[in-house]
Amino acid sequence: MALYDDPAFLAGYRELRRTGLGLNDELEIPAMEALLPSAAGLRVADLGCGEGGLAVRLAAAGASVVAVDASASMLSRAVQHPQIRYLQADLAQLDLPESSLDLVVSSLALHYVDDFTGLVGRVARWLVPGGQFVFSVEHPVVTAPVEAADRVVDDYADEGLRQRTWFVDGVIKYHRTIGSTVEALVAAGFVLEALREPQPSPGQVERSPHLAVHRRRPPLLLISVRRG
Ligand SMILES: C[S@@+](CC[C@H](N)C(=O)[O-])C[C@H]1O[C@@H](n2cnc3c(N)ncnc32)[C@H](O)[C@@H]1O
């Protein structure tokens, strides 16, 4: 069963999103928006689309979107839009037609993918020359420790599988250093355009104290690359 189909996990995750106490609304969504091009007329894929928030924003701006997720539960709640085609598929196997996309996006999903290099190679094939790939992942300083310890960078060089407790035990994520992440992209023929580590401003922390931890270490890594 996919993690996001586990009722115990899903209850916790949905409550987090409903209350806005995660980092999505305050940090990830604005940082992603800042890197996205004007979407009108673009052919887009959203990898790990969840309930479709980003796909809907892109479709509303005039893109046609194929929005992909492994979880039937997430897709069952996804917001429908005439310019979005939802597809249930595992990113580990997903394949799309060559040179069929102008933009590939992914919000907070690719740290669940083991073979990042393989996925990046496929994304490069799906994009037209000059096409853009923009994604966010949990920051490698957060995914690094083998024994999860929220504020300590540890085991940074040991890439690979990590098990965490996040609403349920045994949540599997994959740790990759920033260096390997960028090298995989460059090896696939991408040119780096932006690398961002958004953190809350002091004013944001004052208004939303739960964000304080995210000034102690970066919670997110966002990268934008373009197919050469
Ligand atoms: C943290 S949620 C983010 C959802 C959405 N992108 C957003 O920002 O609201 C991660 C999503 O990635 C999906 N996901 C994780 N691993 C996946 C995989 N191997 N293939 C497809 N989807 C996956 C999950 O089902 C989940 O919907």
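Note that the structure is predicted; figures quoted are calculated from it, not measured.

## Comments concerning the overall build of the protein
No. 1: Helix and strand counts for the protein come out as 9 helices and 9 strands.
No. 2: The C-alpha atoms of the protein give 17 Å as radius of gyration, which agrees with the globular expectation for 228 residues (17 Å, within 12%).
No. 3: Each principal axis of the C-alpha distribution contributes one length, and for the protein these read about 40 × 40 × 35 Å.
No. 4: Considering the protein as a whole, with its 228 residues, one finds that 37% of them fall into the buried category.
No. 5: The contacts in the protein between residues at least 6 apart in sequence include a share of 63% that link residues at least 24 apart.

## Here we look at the sheet that holds strand E5 (residues 127-138)
No. 1: Taken together, 7 strands build an open sheet; the order of strands is E3-E2-E1-E4-E5-E9-E8 and the sheet is mixed. For this open sheet the edge positions go to strand E3 (84-88) and strand E8 (190-196), each flanked by a neighbour on one side alone. Adjacent strand axes in the sheet meet at a mean angle of 15°, parallel and antiparallel pairs treated alike.
No. 2: In the sheet, strand E1 (residues 43-47) pairs with strand E4 (residues 101-107) via 3 bridges, with the strands oriented parallel. Bridge pairing in E4 links Ala 45 to Val 104.
No. 3: Seen against the sheet, helix H3 (residues 53-60) touches E1, strand E2 (64-69), E3 and E4 and runs at an angle of roughly 175° to E2.
No. 4: Its contacts with the sheet put helix H7 (residues 178-187) on E8 and strand E9 (220-227), and the angle it makes with E8 is roughly 150°.

## Considering the pairing of strand E6 (residues 160-166)
No. 1: As judged from the 6 bridges shared by E6 and strand E7 (residues 168-175), these two strands associate in the antiparallel manner. Note on E7: the bridge partner recorded for Trp 166 is Val 168.
No. 2: As consecutive antiparallel partners, E6 and E7 are separated by 1 residue, and within that stretch Phe 167 has a phi angle of approximately 70°, a positive value.

## Here we look at the site of the ligand
No. 1: By nearness alone, 19 residues border the ligand, and Gly 48, Gly 50, Ala 70, Ser 107 and Ala 109 come closest of all.
No. 2: Across the shell around the ligand, the residue classes tally to 12 nonpolar, 5 polar and 2 charged.

What counts and how
- Residues numbered from 1 in each chain as written.
- Predicted model: local features only at pLDDT ≥ 70, side-chain atom pairs only at ≥ 80, totals over all residues.
- Helix = DSSP H or I, 4+ residues; strand = E, 2+ residues; numbered from the N terminus.
- Rg over C-alpha atoms; globule rule 2.2 N^0.38 Å.
- Buried ≥ 20, exposed ≤ 12 C-beta atoms within 10 Å, placed from the backbone.
- Contact = placed C-beta atoms within 7 Å.
- Pairing = 2+ DSSP bridges.
- Axes fitted to C-alpha atoms, helices over the stretch in contact; angles between N-to-C directions.
- Near = placed C-beta within 6 Å.
- Nonpolar A, V, L, I, M, F, W, Y, C, P; charged D, E, K, R; others polar.

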